[in-house]
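Below, each chain spelled out in residue letters.
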Amino acid sequence: MSQTSENGYTQPLRQNFTEDEKRFPWLSLLLDAYLIIDEGVSEAIRREQKQGHPLACAKGCSSCCSSHQDIPVYPLELMGMSWYIIEKLQPPLRQQLKQQLKNLDTVNSCPFLLDSACSIHPMRPIACRQFNVLNKPCAEGEDAFHTRRNDVITPIKRYADEAFDIMLPFYGIKKKAERRKAIKQGAIHSAAKVMRDCNWQSMPEKMSAFDKR
Ligand code: SF4
Ligand code: SF4
């Protein structure tokens, strides 16, 4: 689920949506937080590679997007995903995703997996960004977290904490001391929902309404 090229992990870059970020200040928080998460993933991969453990995740490898049914997603991330799907997704993925979301009952993979690739890649949630596997690609249906935990990269806590610290003002936790306490208590985690269970069926109608503007 990583941001990979054929040769390994791509250098993390912050996505910039200048005009949209003026309209939606929460979007800047999310994009800043995603950059920190990606930098943490990059650093974790670098450390593993130094020890001779190559990254298995690569472009086109996506069985994890079918085998994981309980991917957590935070409210701010849901807003980012919804915004991206409604306002930014371009053809032909736009039509393909619209169709898939209309028939979600028949889809066994993540709602956003199209042709073995993530259709919302720039806005995929933290859980997807952080799930990376070493040594060999996952077999069809394999959840490496259960079959070979040692091959799943453990995210570096410092980066995750920093990313959550950036996002906490969105949840009304603004003061530094309060943010520190919330991170220590893991308060934000109770707000997470299971991505598969969110109301994605409402998206096609919203996409069509946006297209008619
Ligand atoms: S190796 Fe596993 S976790 Fe990595 S992209 Fe492939 S299926 Fe997903
Ligand atoms: S959002 Fe879905 S398709 Fe995209 S990386 Fe995550 S599980 Fe895979």
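Now for a quick tour of the structure. (Residues numbered from 1 in each chain as written. Chains lettered and ligands numbered in written order. Predicted model: local features only at pLDDT ≥ 70, side-chain atom pairs only at ≥ 80, totals over all residues. Heavy atoms only, no water.)

**Structural notes on the overall build of the protein**
Along its length, the protein carries ten helices and six strands. Computed over the C-alpha atoms, the radius of gyration of the protein is 17 Å, within 12% of the 17 Å expected from 2.2 N^0.38 for a compact globule of 213 residues. Overall size of the protein, expressed as C-alpha extent along the three principal axes, is 55 × 45 × 30 Å. Contacts in the protein between residues at least 24 apart in sequence constitute 73% of all its contacts with a sequence separation of at least 6. Carbon and sulfur atoms form 51% of the exposed surface of the protein, whose accessible area is close to 11,400 Å². Across the protein, 30 positive and 25 negative side-chain charges occur, with their mean positions spaced 5 Å apart. (Helix = DSSP H or I, 4+ residues; strand = E, 2+ residues; numbered from the N terminus. Rg over C-alpha atoms; globule rule 2.2 N^0.38 Å. Contact = heavy atoms within 4.5 Å. Areas by Shrake-Rupley, 256 points an atom, 1.4 Å probe, with all protein chains shown as cover. Lys, Arg positive; Asp, Glu negative; His and termini not counted. Charge placed at Lys NZ, Arg CZ, Asp CG, Glu CD.)

**Some thoughts on the site of ligand 2**
Surveying the vicinity of ligand 2 reveals the residues Cys65, Ile71, Cys110, Phe112, Leu113, Cys118, Pro125, Cys128 and Met195. Here the shell around ligand 2 is built from residues that sort into nine nonpolar, no polar and no charged. (Near = heavy atom within 4 Å. Nonpolar A, V, L, I, M, F, W, Y, C, P; charged D, E, K, R; others polar.)

**Considering the packing of aromatic side chains**
For any two aromatic rings, the description comes down to two numbers: the centre-to-centre distance and the angle of the planes. Applying the stated criterion to the full structure yields six aromatic pairs. Taking the centre distance of 5.3 Å and the plane angle of 75° together, the rings of Tyr74 and Phe164 count as edge-to-face. Pair noted here: Tyr74 is in the loop between β3 (72-73) and α4 (75-88) and Phe164 is in helix α8 (residues 157-167), with a separation of 90 residues, a long-range link. For the pair Tyr74 and Phe164, one class covers both residues: buried. Aromatic pair Phe170 and Tyr171: ring centres 4.9 Å apart, planes at 85°, arrangement edge-to-face. Accessibility expressed as a relative area gives 25% for Tyr171, which makes it partly exposed. One aromatic cluster in this structure is built from Phe17, Trp83 and Tyr84. Taking the ring centre of Tyr34 as reference, the NZ or CZ of Arg129 above it sits at 3.9 Å. Just above the ring of Tyr159 sits the side chain of Arg158; from NZ or CZ to the centre is 4.5 Å. (Phe/Tyr/Trp six-rings, centres within 6.5 Å; stacked < 30°, edge-to-face > 60°. Buried < 20%, exposed > 50% of the residue type's maximum accessible area, 1.4 Å probe, protein only. Lys NZ or Arg CZ within 6 Å of the ring centre and 35° of its normal.)

**A short note on the nonpolar core**
One finds Ile85, Phe112, Met123, Val133, Met195 and Trp200 to be the most contacted residues of the largest nonpolar core, which totals 60 residues. Elements with a contribution of two residues or more to this core: α2 (25-50), α3 (64-67), α4, α5 (93-102), β4 (113-114), α6 (126-130), α8 and α10 (203-211). Excluding residues that lie within four positions of it along the chain, Trp200 makes contacts with Leu78, Met81, Ser82, Ile85, Leu101, Leu104, Pro111, Phe112 and Met195. (Core = buried A, V, L, I, M, F, W, Y, C linked by side-chain atoms within 4.5 Å.)

**Notes on the side chain of Glu77**
Mapped onto the elements of the fold, Glu77 is located in helix α4. Although Glu77 lies buried, it forms no salt bridge, and the closest oppositely charged side chain, Arg129, sits 5.8 Å away as judged by the N-O distance. A polar contact of 2.9 Å, which involves the side chain of Glu77, links it to the side chain of Tyr34. Residues within four places of Glu77 in sequence aside, it is in contact with Leu30, Tyr34, Pro72, Pro125 and Ile126. (Salt bridge = Lys/Arg side-chain N within 4 Å of Asp/Glu carboxyl O. Polar contact = N/O pair within 3.5 Å; in protein donor to acceptor, adjacent residues only side chain to side chain.)

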